[in-house]
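# A structural walkthrough
Here is what each chain is made of, one letter per residue.
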Amino acid sequence: MVKRKSASNFEEGWNYEAKVIEIEGIIAGIEAGELQLEEVFEQFAKAVEYLRQCESFLQQRQQQVDLLIETLSDE
């Protein structure tokens, strides 16, 4: 039997869609060309971190879906 993992590693209130909107805002700011070079690098680093968080979130949800499908298959 497969055991469930405990709660996810994401803080309460963390929101995938909100992070995507933040990433899009960062990209728009960079593309606008109004930032100093140092700010571009800071914003880019922030966007990369948000993308990593989103990827991790999606991987966890995929594992949950896989577990549910496996559970249904076992029944």
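Above this text is the structure in question.
So, here's what we can say about the structure. Bear in mind that the values here come from a model prediction, so they are computed numbers and not experimental data.

Parameters at a glance
- Residues numbered from 1 in each chain as written.
- Predicted model: local features only at pLDDT ≥ 70, side-chain atom pairs only at ≥ 80, totals over all residues.
- Heavy atoms only, no water.
- Core = buried A, V, L, I, M, F, W, Y, C linked by side-chain atoms within 4.5 Å.
- Buried < 20%, exposed > 50% of the residue type's maximum accessible area, 1.4 Å probe, protein only.
- Helix = DSSP H or I, 4+ residues; strand = E, 2+ residues; numbered from the N terminus.
- Contact = heavy atoms within 4.5 Å.
- Axes fitted to C-alpha atoms, helices over the stretch in contact; angles between N-to-C directions.
- Parallel < 35°, antiparallel > 145°, perpendicular 65-115°, else oblique.
- Left-handed = near helix turned anticlockwise from the far one by under 90°.
- Nonpolar A, V, L, I, M, F, W, Y, C, P; charged D, E, K, R; others polar.
- Expected span 1.5 Å × (residues − 1).
- Arc of directions from axis to C-beta.

## A few points about the nonpolar core
In terms of nonpolar packing, the biggest core is built from eight residues, these being F10, W14, I23, I26, A47, Y50, C54 and F57. Among the elements of the structure, helix 1 (16-32) and helix 2 (37-74) are those that each provide at least two residues to this core. When residues in this core are grouped by element, the largest group, four residues, is from helix 2. With residues up to four places along the chain from it excluded, the contact list for F10 reads Q53, S56, F57 and Q60.

## Some thoughts on the packing of helix 1 against helix 2
Where helix 1 contacts helix 2, the axes come no closer than 9 Å and their chain directions differ by 155°. Relative to helix 2, helix 1 is oriented roughly antiparallel. Judged by the sense of rotation from one axis to the other, the crossing of helix 1 with helix 2 is left-handed. Contacts from Y16, K19, V20, E22, I23, I26 and I30 in helix 1 reach V40, Q43, F44, K46, A47, Y50, L51, Q53, C54, F57 and L58 in helix 2. Of the residues assigned to the contact of helix 1 with helix 2, the class counts are 13 nonpolar, two polar and three charged.

## Brief notes about helix 1
One turn of an α-helix holds 3.6 residues; hence residues three or four places apart share an orientation. Compared with the 24 Å implied by 1.5 Å per residue over 17 residues, the 24 Å span of helix 1 between its first and last C-alpha is a close match. Within the span of helix 1, buried status applies to K19, I23 and I26. Relative to the axis of helix 1, the buried residues are bounded by an arc of 60° and lie together on one face. Structural note: helix 1 exposes E17, I21 and E31 on the side pointing more than 90 degrees away from its buried face. Looking at the buried side of helix 1, the elements it contacts are helix 2. Count one or two residues on from helix 1 and you reach G33, which has phi positive near 75°.

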